[in-house]
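Now for the letters of each chain:
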Amino acid sequence: MNVLVPGGAGYIGSVAAAHLRRHGHEVWVYDDLSRGHPAVVPEGRLVRGGLAERERLEDVLRQQRIDAVMHFAAYALVGESVADPALYYRNNLVGTLSLLDAMRAADVHRLVFSSTCATYGEPPEMPIGEDTPQRPVNPYGFSKLAVERALTDYSRAYGLGFASLRYFNACGASQDGRLGEDHEPETHLIPAALRVALGRSDHLTLHGDDYPTPDGTCIRDYIHVEDLAEAHRLALERLRPGEGLCLNLGTGRGFSVREVVEACRRVTGHPIPARVGPRRPGDPPALVADPSRARQALGWQARWTDLDRIAASAWRWHAAHPSGYARDSSGDQAAAAESR
């Protein structure tokens, strides 16, 4: 298929785009170059633009004869969404509605949507199945849930075929070592810990140690970015106009913040000093997936389930790119931020 990937210069989007190319799909990246890295997009495959530019999106969809869209162009920082909810609703929700309208105008009826476990909020039981009530506790989660509701309505009214993939904590680097996670500022646990090992920070801050968990730190289900990319491709190839699919993507096992830090210490051989700081607003104590429905619907399951192996893949990339990706001369950092 000819696939347009909004946000494909970001972390997860770039790995998914590379995975699609390896499996024979033609891929174009559509990005506003606000939060990512132009270097990750092959030459001639980047179209610069924002989600709000509906007419530009429609032109690209028509000119490249796009068959399907894989949408990663969302802002994805929980704390930032609490501090500036307008930014999140405008980009994540209003921007996606602009994309959907462009797709309708260009007669494109397949969409894979990068959703998130944040739509579940603080569920009473673990692991989390797709039928768990969705009660977000932060604007990021609300913005993603609003898009999921819109997709269901667009499917019923306009024949859109969609997959909403609610994934848990994306992590790791591409298997070939070329693509990794580099944000500024960096708020995600594994790359933040590895920056300390590289000497880019003097310590790691643990955001709270008084949660109702065995060691007091948050528990998350860490899903490798290559596993995510494969699930996105399988969902894309299964899509049919007028059908909707909502799936959790995770390993089914949770690790605490302290357990992840210990894994990073083991693979780097660095002590990674850590200090306890205050909780971040909007952080639930635990989020762990029940991925059985994705296994049934797509024949997919996570292959990267060993925490040390996951951390080692990230470490290889960070050790080879100690300063992250090179920024361009204007300071742009390509790509709408990816979701998780």
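Per chain, residues are indexed from 1 in the order of the written sequence. The predicted nature of this model means local features are confined to residues of pLDDT at least 70 and side-chain atom pairs, given and counted, to a pLDDT of 80 or more, with totals for whole chains, interfaces and linings taken over all residues. Remark: hydrogens and water are excluded; side-chain values derive from all non-hydrogen atoms of the structure.

The next point concerns the side chain of Thr116. Counting from the N terminus, the helices are DSSP H or I runs at least four residues long and the strands are E runs at least two residues long. Looking at the secondary structure, you find Thr116 in strand E5 (residues 110-116). For Thr116, the side chain forms a polar contact with the main-chain nitrogen of Ala118, separated by 2.9 Å. By the criterion applied in these results, polar contacts are pairs of N or O atoms within 3.5 Å in which, for protein atoms, one can donate a hydrogen and the other can accept it, and in which residues neighboring in sequence qualify only through two side-chain atoms.

In this structure, the amide linkage connecting Met126 to the following residue, Pro127, adopts the cis form with an omega of -5°. By secondary structure assignment, the location of Pro127 is in the loop between E5 and helix H5 (139-158). Following Glu184, the chain continues to Pro185 via a peptide bond in cis, the omega torsion being 0°. Locating Pro185 in the fold gives a position in the loop between strand E7 (169-171) and helix H6 (189-197). At Leu33, a position not held by glycine, the phi torsion is positive, near 55°. Position of Leu33 relative to the elements: it lies in the loop between strand E2 (26-31) and strand E3 (46-48). Using a 1.4 Å probe on the protein chains alone, a residue whose accessible area is under 20% of its type maximum counts as buried, one over 50% counts as exposed, and one in between counts as partly exposed. A residue is classified by how much of its surface remains accessible, and Leu33, at 8% relative accessible area, is buried. Here Ile272, not a glycine, exhibits a phi torsion of approximately 45°, which is positive. With respect to the helices, strands and loops of the structure, Ile272 is situated in the loop between helix H8 (257-268) and strand E13 (274-277). Here Ile272 falls in the buried class, since its relative accessible area comes to 0%.

Next up on the list: the layout of surface pockets. Whether a set of points on the 1 Å grid over the protein atoms alone is a cavity depends on a 1.4 Å probe fitting there but being unable to get out, while an open set qualifies as a pocket with protein on both sides within 12 Å along at least five of seven lines; lining residues are those with an atom within 4 Å of a point. Grid points are joined across faces, edges and corners, and a volume is the space filled by probe spheres set on the points. Approximately 870 Å³ is the volume found for the largest pocket. Lining the largest pocket are 42 residues, and of these Thr187, His188, Leu189, Arg280 and Asp283 sit closest to its centre. The set of elements that each furnish at least two residues to the lining of the largest pocket consists of helix H3 (78-83), E7, H6 and strand E8 (204-207).

With that settled, the discussion passes to the side chain of Ser81. Along the chain, the position of Ser81 falls in helix H3. Reaching out from Ser81, the side chain makes a polar contact with the backbone oxygen of Val78 at a distance of 2.7 Å. By definition, residues are in contact when any of their heavy atoms lie within 4.5 Å. Not counting chain neighbours up to four residues away, the residues in contact with Ser81 comprise Tyr88, Asn138, Pro139 and Tyr140.

In a helix, the anticipated span is given by 1.5 Å times the number of residues less one. The end-to-end C-alpha separation of helix H7 (residues 225-238) is 20 Å, in line with the 20 Å expected for 14 residues at 1.5 Å each. Counting buried positions along H7 gives 11 out of 14 residues, so the element sits mostly inside the fold. Turning to H7, its buried residues number three or more, namely Val225, Glu226, Asp227, Leu228, Ala229, Glu230, Ala231, His232, Arg233, Ala235 and Leu236.

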